[in-house]
2 protein chains.
Amino acid sequence: MADLLLLTPVPGGSAQVLPALGLLSHRVRVLPVEPSALVDAPDSDIVVLDARRDLVTARTTCRLLRATGLTVPLVLVLTEGGLTVVTAEWGVDDIVLESAGPAEVETRFRLVMERAATSSYDDAPQEISSGELTIDAGGYTARLRGRPLDLTYKEFELLKYLVQHPGRVFTRAQLLQEVWGYDYYGGTRTVDVHVRRLRAKLGPEHEQLIGTVRNVGYRFDPPKDRRGAVDDRDQVHEPADA
Amino acid sequence: MADLLLLTPVPGGSAQVLPALGLLSHRVRVLPVEPSALVDAPDSDIVVLDARRDLVTARTTCRLLRATGLTVPLVLVLTEGGLTVVTAEWGVDDIVLESAGPAEVETRFRLVMERAATSSYDDAPQEISSGELTIDAGGYTARLRGRPLDLTYKEFELLKYLVQHPGRVFTRAQLLQEVWGYDYYGGTRTVDVHVRRLRAKLGPEHEQLIGTVRNVGYRFDPPKDRRGAVDDRDQVHEPADA
DNA sequence: GACTGCGTGACACCCGGATGACCACCACGT
DNA sequence: ACGTGGTGGTCATCCGGGTGTCACGCAGTC
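- The name given to chain A in an unreviewed UniProt entry is Response regulator transcription factor, with Cellulomonas edaphi as the source organism.

Below you can see the structure in the form of structure tokens.
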């Protein structure tokens, strides 16, 4: 089940363009081939362009879509006669004959979506950052103001988990559950020690990034602009009574 | 007119596999699906793999071809029933039903060749460089400061894969999957030994290029440029005491 | 003022990676 | 055919550092 955007000059439904589509269970939005329709393209999983009638318009539409830096796969619907015209320069990811059966259409759509997913997965640096702190989950490295922190495995996992949920307080039991993974009773002081080692490696001026909430646990305090806040000690005080 | 390499388990001619091929004017070489036939693949413009009967063999053949760094387009011939099995992970460039007409086959072949031509023209230098390390994928040679490293096949493949994804950590299982290619359970220590041999050949002063991430895996650490260090204020005290 | 909860330093265990050695196997050349 | 060198996979062992635990001190709380 995917979200398709079908661009066609034909007013009729999708069955007019690609009969096989009617036999598949996808959410299909049908729009005319107009520049105004292109803004909706990024919201879809696949853009299907009807190039049966007007090959010239189809070609310019392809180029327009590509010019906007569209990352969504683009599939062309063609007649037998239109086959000879299409070139790689159009930038389409796949082509489908209007007479294609549902199994073939389904497979082609699936393949182009998979390819798009894996390619974007490959290049993604997989990093999250908060303020001056940057965490690269793919490379298992953390940097503070660009300076790499030499963290151990557990320290990195702990910091990553906290940064992934900024501002939220976690009890020691929760952290043991989520970061350590296994059910763990007794010895919750283990978390304390790891937090302490983390703070030490963050340096004296940044150890405040990990805050302590008495009787509750720890939390990552996303760095805020310190310009207006003079008395930060009290402003953090907030509602912790429970 | 192109040079096709048709891999098929069926002894008969190409017309048995893909009838439309008989109506097109391409030079077709037919070989059985065997590892020995794969060495001929780079000489062709397209490799066409018959996946109508044996989908399992077809899958492993695809992976084998991709593992050798094949740049030639790979097209699969399928039956209707085989459509659901293929995934993007196979690494094929296009698929064709055995019942496809000559016009469609011709267009798909042409598109796939055009794409290969433009992509290899654009961004496939066959040569990867990172710092003082240069890897020539085409010639299976690696140089460090211009000095050629005498690497074995697996060592080269491992180094190439790591360098292709600089800064990223790979688990032993991932490396076995990607570099060794086949599904592999148990004996992940194999990776350790190969990394060790690689480091030994890189020399004591460069063995740091392959970093170890405890509890996770290995990573290629691109040599850092000391020149462009933005700030010198903090980086001096980087090790968090002890 | 007693108690609770967290920070701090120190320490011992043990896991995980490094290391060296061994052997099966394949591709060579003779 | 055989012998040979090189490659690749596995095993046993060593060692270092990461991790967990404890004791102690201090600060906050009732």
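**Examining the protein's contact with DNA strand D**
Here comes step 1: Surrounding DNA strand D, one finds 24 residues, the nearest of these being Thr152(A), Arg197(A), Thr152(B), Thr190(B) and Arg197(B).
Here comes step 2: Within 4 Å of the protein, the contacting atoms of DNA strand D are 65% sugar and phosphate, with bases supplying the remainder.
Here comes step 3: One nitrogen or oxygen atom from the side chain of Thr152(A) is found 2.4 Å from a phosphate oxygen belonging to DNA strand D.
Here comes step 4: Within the side chain of Thr190(B), an N or O atom sits 2.6 Å from a phosphate oxygen of DNA strand D.

**A closer look at the pattern of salt bridges**
Residues and elements named next belong to chain B.
Here comes step 1: The final tally for this structure, using the stated rule, is 28 salt bridges over all chains.
Here comes step 2: Note that Glu98 and Arg52 form a salt bridge whose closest N and O atoms lie 3.3 Å from each other. Highlighted residues: Glu98 in the loop between strand 5 (94-97) and helix 3 (102-123) and Arg52 in the loop between strand 3 (46-50) and helix 2 (55-67), separated in sequence by 46 residues.
Here comes step 3: Judged by its relative accessible area of 11%, Arg52 is buried.
Here comes step 4: In this structure, the salt-bridge partner of Arg108 is Glu104, at a minimum N-O distance of 3.0 Å. In this pair, Arg108 and Glu104 both sit in helix 3, 4 residues apart, roughly one turn of the helix. Across the pair, exposure class does not vary: Arg108 and Glu104 are buried alike.

**Remarks on the sheet that holds strand 9 (residues 147-149) of chain A**
In a beta sheet, neighbouring strands are held together by backbone hydrogen bonds and run either parallel or antiparallel to one another.
All names here are of chain A.
Here comes step 1: The strand order across the open sheet formed by 4 strands is 6-7-8-9, and the pairing between neighbours is antiparallel. The open sheet has two free edges, formed respectively by strand 6 (127-130) and strand 9, since each of these has just one partner strand. The mean inter-strand angle of the sheet, taken between neighbouring strand axes irrespective of direction, is 25°.
Here comes step 2: Direction of pairing for strand 6 relative to strand 7 (residues 133-136): antiparallel, over a ladder of 4 bridges. Bridge pairing in strand 7 places Ser129 opposite Thr134.

**A few points about helix 2 (residues 55-67) of chain A**
All names here are of chain A.
Here comes step 1: Here helix 2 spans 18 Å end to end across 13 residues, near enough to the 18 Å set by a 1.5 Å rise per residue.
Here comes step 2: Buried residues in helix 2 make contact with strand 3 (46-50) and strand 4 (74-78).
Here comes step 3: Regarding helix 2, its N-cap is Asp54, as a side-chain oxygen of that residue lies 3.1 Å from the backbone nitrogen of Val56 further along.

**Section: the packing of aromatic side chains**
The geometry of an aromatic ring pair is captured by two quantities: the separation of the ring centres and the angle between the planes.
Here comes step 1: Summed over all chains, the structure comprises 6 aromatic pairs over all chains.
Here comes step 2: Measuring from ring centre to ring centre gives 5.9 Å for Tyr140(B) and Tyr153(B), while their planes differ by 15°; the resulting arrangement is stacked. Note that Tyr140(B) is positioned in the loop between strand 7 (133-136) and strand 8 (141-144) and Tyr153(B) in helix 4 (residues 153-164), a separation of 13 residues in sequence.
Here comes step 3: The class for Tyr153(B) is partly exposed, based on a relative accessible area of 47%.
Here comes step 4: Put simply, the rings of Tyr140(A), Tyr153(A) and Phe156(A) touch in pairs and so form one group of aromatic residues.

**Focus: the interface of chain B and chain A**
Here comes step 1: With 34 residues of chain B at the contact, the number on the chain A side is 36 residues.
Here comes step 2: Summing both sides of the interface, chain B and chain A together bury roughly 2,800 Å²; the carbon and sulfur share of this comes to 51%.
Here comes step 3: For the chain B face of the interface with chain A, the top three residues by lost area are Ala88(B), Arg108(B) and Arg168(B), together amounting to 19%.
Here comes step 4: Taken together, the connections running from chain B to chain A amount to 2 salt bridges.
Here comes step 5: Its salt-bridge partner being Asp94(B), residue Arg108(A) comes within 3.0 Å of it at the nearest N-O pair.
Here comes step 6: Inspection of the chain B/chain A interface yields 18 residue pairs in polar contact (both at pLDDT 80 or more).

**Quick notes on the protein's contact with DNA strand C**
Here comes step 1: Within the structure, DNA strand C sits among 19 residues, and Arg199(A), Tyr218(A), Arg199(B), Thr212(B) and Tyr218(B) are positioned closest to it.
Here comes step 2: Backbone atoms, meaning sugar and phosphate, make up 60% of the atoms of DNA strand C lying within 4 Å of the protein.
Here comes step 3: Arg196(B) places a side-chain nitrogen or oxygen 3.0 Å from a base nitrogen of DNA strand C.
Here comes step 4: One nitrogen or oxygen atom from the side chain of Arg214(B) is found 3.4 Å from a base nitrogen belonging to DNA strand C.
Here comes step 5: At the level of elements, helix 6 (189-202) of chain A together with helix 6 (189-202) of chain B are the ones that each hand at least two residues to the surface near DNA strand C.
Here comes step 6: Per element, the largest residue contribution to the surface near DNA strand C is 5 residues, and it comes from helix 6 of chain A.
Here comes step 7: When its residues are assigned to classes, the surface near DNA strand C shows 2 nonpolar, 4 polar and 13 charged.

**Some remarks on helix 5 (residues 172-180) of chain A**
Residues and elements named next belong to chain A.
Here comes step 1: Listed in full, the buried residues belonging to helix 5 are Leu175, Leu176, Val179 and Trp180. Viewed end-on, helix 5 has its buried residues packed into an arc of 100°, placing them on one side of the element.
Here comes step 2: Where helix 5 is buried, its residues contact helix 4 (153-164), strand 10 (169-171), helix 6 and strand 12 (217-220).
Here comes step 3: Phi for Gly181, located one or two positions after helix 5, is positive at around 95°.

**Comments concerning the sheet that holds strand 10 (residues 169-171) of chain B**
All names here are of chain B.
Here comes step 1: Here 3 strands make up an open sheet; going across it, the order is 10-12-11 and the pairing antiparallel. Each edge of the open sheet carries a strand with a single partner, namely strand 10 and strand 11 (210-213). Averaged over all pairs of adjacent strands, the angle between their axes in this sheet comes to 30°, without regard to strand direction.
Here comes step 2: Against the sheet, helix 5 (residues 172-180) makes contact with strand 10 and strand 12 (217-220), and its axis sits at roughly 85° relative to strand 10, the strand it touches most.
Here comes step 3: In the packing of helix 6 onto the sheet, contacts are made with strand 11 and strand 12, and the angle to strand 11 comes to roughly 145°.

**Brief notes about the packing of helix 4 of chain B against helix 5 of chain B**
How two helices pack is summed up by the angle between their axes together with the distance between the axes.
All names here are of chain B.
Here comes step 1: With their axes 10 Å apart at the nearest point, helix 4 and helix 5 run at an angle of 115° to one another. As summarised for this structure, helix 4 and helix 5 are arranged roughly perpendicular, according to the angle between their axes. Considering how the two elements wind past one another, helix 4 and helix 5 form a crossing that is right-handed. Across the interface between the two elements, Lys154, Glu157, Leu158, Tyr161 and Leu162 of helix 4 pack against Leu175, Glu178, Val179 and Trp180 of helix 5.
Here comes step 2: Residues belonging to the contact of helix 4 with helix 5 are distributed by class as follows: 6 nonpolar, no polar and 3 charged.

The rules behind each value
- Starting from 1, residues in each chain are numbered consecutively following that chain's sequence as written.
- Chains and ligands are labelled sequentially in the order written, the chains with letters from A and the ligands with numbers from 1.
- Residue-level local features of this predicted model are given only where pLDDT is at least 70; pairs of side-chain atoms are given and counted only at 80 or more, and the full residue set underlies all totals for whole chains, interfaces and linings.
- Only hydrogens and water are set aside when side-chain values are computed; all heavy atoms of the structure are taken into account.
- One heavy atom suffices: a residue is near a molecule or strand as soon as one of its heavy atoms comes within 4 Å of it.
- Polar contacts, as counted here, are pairs of nitrogen or oxygen atoms within 3.5 Å of one another; within protein the pair requires one atom able to donate a hydrogen and one able to accept it, and residues that are adjacent in sequence qualify only if both atoms are side-chain atoms.
- Just to be clear on terms, a salt bridge is a Lys or Arg side-chain nitrogen sitting within 4 Å of an Asp or Glu carboxyl oxygen.
- Put simply, DSSP marks the helices as runs of H or I at least four residues long and the strands as runs of E at least two long, and each gets a number from the N terminus on.
- Exposure classes here rest on a 1.4 Å probe applied to the protein chains alone. A residue is buried below 20% of its type maximum, exposed above 50%, and partly exposed in between.
- Think of it this way: DSSP has to see at least two bridges between two strands before they count as a pair.
- An axis is simply a line fitted to the C-alpha atoms; with a helix, the fit covers only the stretch in contact. Between two such axes, the angle follows the N-to-C directions and lies from 0 to 180 degrees.
- The span you would expect from a helix comes to 1.5 Å times its residue count less one.
- Note on contacts: a residue pair is in contact if any heavy atoms of the two residues lie within 4.5 Å.
- Pairs were defined over the aromatic rings of Phe, Tyr and Trp, the Trp ring being its six-membered one, requiring ring centres within 6.5 Å. Orientation was assigned from the angle between planes: stacked under 30 degrees, edge-to-face over 60, tilted for the rest.
- Put simply, buried area is how much 1.4 Å-probe accessible surface two parts lose in total, over both of them, once they are put together.
- For this classification, the nonpolar set comprises Ala, Val, Leu, Ile, Met, Phe, Trp, Tyr, Cys and Pro, the charged set comprises Asp, Glu, Lys and Arg, and every other residue, Gly included, is treated as polar.
- Note that the arc is defined by the directions from the helix axis to the C-beta atoms.
- Working definition: roughly parallel below 35 degrees, roughly antiparallel above 145 degrees, roughly perpendicular at 65 to 115 degrees, and oblique for all remaining angles.
- Crossings are sorted by hand: turned counterclockwise from the far helix by less than a right angle, the near helix makes the crossing left-handed, and turned clockwise it makes it right-handed.

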